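Survey of secondary and tertiary structure
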Amino acid sequence: MRTRDLEAKGMSRPAIRRLVDAGKLERVGRGMYVPAGFQATEHHGLAAAALRVPGGVVCLLSALQFHGIGTQAPFETWLAIGVKDRKPTVADLPLRIVRFSRSALEHGFEAHVIEGVPVKVTTAARTVADCFKYRNKIGLDVALEALREYRRSRRSVDDLTRAACAVRVANVMRPYLEAIVS
């Protein structure tokens, strides 16, 4: 929970501080609190990032890990924000910011609830297409591994093709996809 969430429920800042001092709330970051004894899930970093950057969308390596595609285990949370959005300054949370156009941020994501926090994550097909779009940033080997795992899991090639067209990497992906499918 953020401080503003607790204030919206009628708690004052001194009352929040008293709850922390009494051990009923734990401060996990600047302006972020959890109930005492809270057990974090494997996707806790995604929930914390969504709280800190409300307009962000989890993408690329973090989305691959969320969907269980490939072997990537990023040490930072990859978030997409708008081209003209202010870059968040978060000292206690490792974030990797990628800029997407406004239309790219509005399409191809799913809303999930992680630890009670709404989190936007790119779909599996969109994530694989984004890996090819940002292949110079994350590596072509990661993109190819994601494509192989996506096909191995029997997910829809049509969804992948639509996502590749939307991200404008259909011509880049076509030879790799044809080689894997045949």
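Refer to the preceding data block for the structure.
These lines cover the structure that appears in this document, whether it is placed above or below. (Residues numbered from 1 in each chain as written. Predicted model: local features only at pLDDT ≥ 70, side-chain atom pairs only at ≥ 80, totals over all residues. Heavy atoms only, no water.)

**Observations regarding the layout of surface pockets**
For clarity, the cut-off: Each cavity reported here is a set of points on a 1 Å grid over the protein atoms alone in which a 1.4 Å probe fits but cannot get out, each pocket an open set with protein on both sides within 12 Å along at least five of seven lines, and each lining residue one with an atom within 4 Å of a point. Grid points are joined across faces, edges and corners, and a volume is the space filled by probe spheres set on the points. Polar here means any residue other than Ala, Val, Leu, Ile, Met, Phe, Trp, Tyr, Cys and Pro, which are nonpolar, and Asp, Glu, Lys and Arg, which are charged; Gly is therefore polar. Helix and strand definitions here come from DSSP, where helices need a minimum of 4 consecutive H or I residues and strands a minimum of 2 consecutive E residues; each element is numbered from the N-terminal end.
Size it by volume and the largest pocket reaches roughly 410 Å³. Lining the largest pocket are 15 residues, with Arg4, Arg30, Arg52, Thr89 and Val90 sitting closest to its centre. Of the residues contributing to the lining of the largest pocket, the split by class is 7 nonpolar, 2 polar and 6 charged. Of the voids in this model, the second largest pocket is the one considered here, and its volume is about 240 Å³. Forming the boundary of the second largest pocket are 13 residues, of which Ser101, Ala104, Lys133, Ala166 and Val167 lie nearest the centre. Counting residues per element, the ones that place at least two in the lining of the second largest pocket are strand S5 (95-100), helix H5 (102-106), helix H6 (124-133) and helix H9 (157-167). The biggest single contributor to the lining of the second largest pocket is H6, with 3 residues. Of the residues that constitute the lining of the second largest pocket, the class distribution is 5 nonpolar, 3 polar and 5 charged.

**Some points on helix H4 (residues 60-67)**
Cut-off, in case you're wondering: For each residue, the accessible area found with a 1.4 Å probe, counting protein chains only, is set against the maximum for its type, and the residue is called buried under 20%, exposed over 50%, and partly exposed in between.
Counting buried residues along H4, 7 of its 8 residues qualify, which places the element largely inside the surrounding structure. Buried within H4 we find Leu60, Leu61, Ser62, Ala63, Leu64, Phe66 and His67. Just beyond H4, the residue with positive phi is Gly68, at close to 75°.

**With respect to the packing of aromatic side chains**
In plain terms, the rule: Only centres within 6.5 Å qualify two rings of Phe, Tyr or Trp (six-membered ring in Trp) as a pair; their planes then separate them into stacked at under 30 degrees, edge-to-face at over 60, and tilted for everything else. Whether a charge sits over a ring comes down to the Lys NZ or Arg CZ being within 6 Å of the ring centre and within 35 degrees of the ring normal.
Applying the stated criterion to the full structure yields 2 aromatic pairs. Ring centres 5.8 Å apart and planes at 15° place the aromatic pair Phe100 and Tyr134 in the stacked group. Of this pair, Phe100 sits in strand S5 while Tyr134 is found in the loop between H6 and helix H7 (135-138), placing the two residues 34 residues apart along the sequence. In terms of burial, Phe100 and Tyr134 fall into one category: buried. Geometrically, the ring pair formed by Phe132 and Tyr176 is tilted, given 5.7 Å between the ring centres and 35° between the ring planes. Of this pair, Phe132 sits in helix H6 while Tyr176 sits in helix H10 (residues 170-181), and the two are 44 residues apart along the sequence. Geometry around Phe109 places Lys120 over its ring, the cationic atom sitting 5.3 Å from the centre.

**Considerations on the nonpolar core**
Rule in force here: Here, nonpolar core means buried Ala, Val, Leu, Ile, Met, Phe, Trp, Tyr and Cys residues that are tied together by side-chain atoms lying within 4.5 Å of each other. Whether two residues touch is decided by their heavy atoms; if any such pair falls within 4.5 Å, the residues are in contact.
With 33 residues, the main nonpolar core has Leu60, Val128, Phe132, Leu160 and Met173 as its most contacted residues. Elements with a minimum of two residues in this core: H4, strand S4 (77-82), S5, H6, helix H8 (140-152), H9 and H10. Non-local contacts of Phe132, meaning those with residues more than four positions away in its chain, are made with Leu140, Ala143, Leu144, Leu147, Val169, Val172, Met173 and Tyr176. Among the nonpolar cores identified, the runner-up in size contains 21 residues, and Ala49, Leu51, Val53 and Ile114 belong to it.

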